[in-house]
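What follows is the residue order along each chain.
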Amino acid sequence: MSDEKKPLKKVLIIVAKGTIEDVYAGLVMANGAVMEGIETKLFFTFFGLDAITKKKMNSLHTATVGNPSMTMPGGIPFPTWLGGIPGVEAAVSSMMRKQMEELDIPPVDEFLEMITAGGGEIYACKLAVDMFKLKKEDLIDDLNGIITVGEMYELAAGDQSQIIFT
Amino acid sequence: MAEKTYAGVTINVDEEGYMTDSSQWTKEVAAEIAKEEGIDELTDTHYAVLEFIRQKVSEGATLTIRAIGKSGHTDIKGFYKLFPGAPLKKATKIAGVPKPSSCV
């Protein structure tokens, strides 16, 4: 066994869910990788496609029903029935976005621009794009391609490369 | 604490090479650290960004590449070009401030 350090050279991050927290987990990791000089690819599939769909990307939501981690301000448990009242999910989601803005975490469109400005690449899953009947025009202009699963694995090929699924 | 000599001056640095006393910083010191980081020559834009970083840090602000992109000196794409590879880590090292603790 050699003690030689082998820093990560490439990372492929797969975002398959469209809630604020799932999308941001992927974006923060991707941007962090770009900032470290790691070759970075993002692959969006299923509801994760919302994050690169122009009309939806800046109004992502979090689930207020069926989310056991949800608490009210002050740490009181968030009752499930409350989450079902019209407008509550939108209000909670908007509050979450506001809190992130205060930490200098940008909206989704700007975050993607930061990632591509640093050389990160963004791909959409062909199967999911077909399934949701999306067109190329519906997705961000900075898209590197709509690709198959096989092509996705080709992107991740190489030494010191990792795939992260959020 | 480690010491290094840049431009004929002895500078205090931590184990990763970040300056621990920001007041020891000069443009000449910056130019030598930059060479170690693979940047042969610092342009006026480099120095403008370095001054911006030094000012932000002295104000106690958390440094992000987003803030640098909005500094008016360069955009994010330009920042990656100025300090290739890991821009925020490199730029802070050359600016003589501590390693950034932000995630964005």
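The structure this text deals with has already been given above.
If you're wondering where the values come from, they're calculated on a predicted model, not measured in any experiment. (Residues numbered from 1 in each chain as written. Chains lettered and ligands numbered in written order. Predicted model: local features only at pLDDT ≥ 70, side-chain atom pairs only at ≥ 80, totals over all residues.)

Student: Sorry, what's going on with the overall build of chain B here?
Tutor: What chain B contains, in helices and strands, is five helices and two strands. Walking chain B from its N terminus toward its C terminus, one meets helices and strands in the order β-β-α-α-α-α-α. When the backbone C-alpha atoms are referred to their principal axes, chain B occupies close to 35 × 30 × 20 Å. Classification of the 104 residues of chain B by burial places 34% in the buried group. Look at the contacts in chain B between residues 6 or more apart in sequence, and 47% of them connect residues 24 or more apart. (Helix = DSSP H or I, 4+ residues; strand = E, 2+ residues; numbered from the N terminus. Buried ≥ 20, exposed ≤ 12 C-beta atoms within 10 Å, placed from the backbone. Contact = placed C-beta atoms within 7 Å.)

Student: Would you explain the interface of chain A and chain B in this entry?
Tutor: How big an interface is tends to be stated in terms of the accessible area lost upon association of its parts. Contact residues are listed per partner, giving 13 residues for chain A and 14 residues for chain B. Going through the elements one at a time, α1 (20-35) and α4 (108-117) of chain A are the ones with two or more residues in the side of chain A that touches chain B. No other element matches the four residues that α1 of chain A contributes to the side of chain A that touches chain B. Its residues placed into classes, the side of chain A that touches chain B shows six nonpolar, five polar and two charged. (Nonpolar A, V, L, I, M, F, W, Y, C, P; charged D, E, K, R; others polar.)

Student: Hey, could you run me through the sheet that holds strand β4 (residues 145-147) of chain A in this one?
Tutor: In sheet architecture, strand pairing relies on hydrogen bonds along the backbone and comes in two forms, parallel and antiparallel. All names here are of chain A. Taken in spatial order, the five strands make up an open sheet running β4-β3-β2-β1-β5, and their pairing is parallel. Of all the strands in the sheet, the pair left with one neighbour each is β4 and β5 (161-165). On average, each strand axis in the sheet is inclined to that of its neighbour by 25°, with strand direction left out of account. As paired strands, strand β3 (residues 121-125) and β4 are joined by three bridges and run parallel to one another. The residue of β4 that forms the bridge with alanine 124 is isoleucine 146. Packing of α1 onto the sheet brings it into contact with β1 (10-15), β2 (39-44) and β5, and relative to β1 it is tilted by some 165°. (Pairing = 2+ DSSP bridges. Axes fitted to C-alpha atoms, helices over the stretch in contact; angles between N-to-C directions.)

Student: How do you make sense of α1 of chain A when you look at a structure like this?
Tutor: An α-helical turn contains 3.6 residues, so a residue and the one three or four places further along point in the same direction. The end-to-end C-alpha distance of α1 of chain A, which contains 16 residues, comes to 22 Å, matching closely the 22 Å that a straight helix rising 1.5 Å per residue would cover. Of the positions making up α1 of chain A, those classed as buried are Val23, Tyr24, Gly26, Leu27, Ala30, Asn31, Ala33, Val34 and Met35 of chain A. Looking at the buried side of α1 of chain A, the elements it contacts are β1, β2 and α4 of chain A together with α3 (65-69) and α5 (87-95) of chain B. Looking one or two residues beyond α1 of chain A, the residue adopting positive phi is glycine 37 of chain A, at roughly 80°. (Expected span 1.5 Å × (residues − 1).)

Student: I would appreciate a short explanation of the packing of α1 of chain A against α4 of chain A in the present structure.
Tutor: Between two packed helices, the angle of one axis relative to the other and the distance separating the axes together describe the packing. All names here are of chain A. Where α1 meets α4, the closest approach of the two axes is 9 Å, and the angle between their N-to-C directions is 25°. In this view, α1 runs roughly parallel relative to α4, as classed from their interaxial angle. Every pair of crossing elements has a handedness; the one defined by α1 and α4 is left-handed. Every residue of α4 that contacts α1 at Val23, Leu27, Ala30, Asn31 and Val34 is listed here: Val108, Phe111, Met114 and Ile115. The residue makeup of the contact of α1 with α4, split by class, is eight nonpolar, one polar and no charged. (Parallel < 35°, antiparallel > 145°, perpendicular 65-115°, else oblique. Left-handed = near helix turned anticlockwise from the far one by under 90°.)

Student: Before we go on, may I ask you to explain unusual backbone geometry in this structure?
Tutor: Note: most residues except glycine have negative phi, and most peptide bonds are trans. Residues and elements named next belong to chain A. For phenylalanine 46, which is not glycine, the phi torsion reads 45° and is therefore positive. By the secondary structure assignment, phenylalanine 46 is in the loop between β2 and α2 (80-83). Accessibility expressed as a C-beta count within 10 Å gives 16 for phenylalanine 46, which makes it partly exposed. Backbone geometry places glutamine 160, a non-glycine residue, at a positive phi of 50°. Examined against the element boundaries, glutamine 160 turns out to sit in the loop between α6 (149-155) and β5. Judged by the 12 C-beta atoms lying within 10 Å of it, glutamine 160 is exposed.

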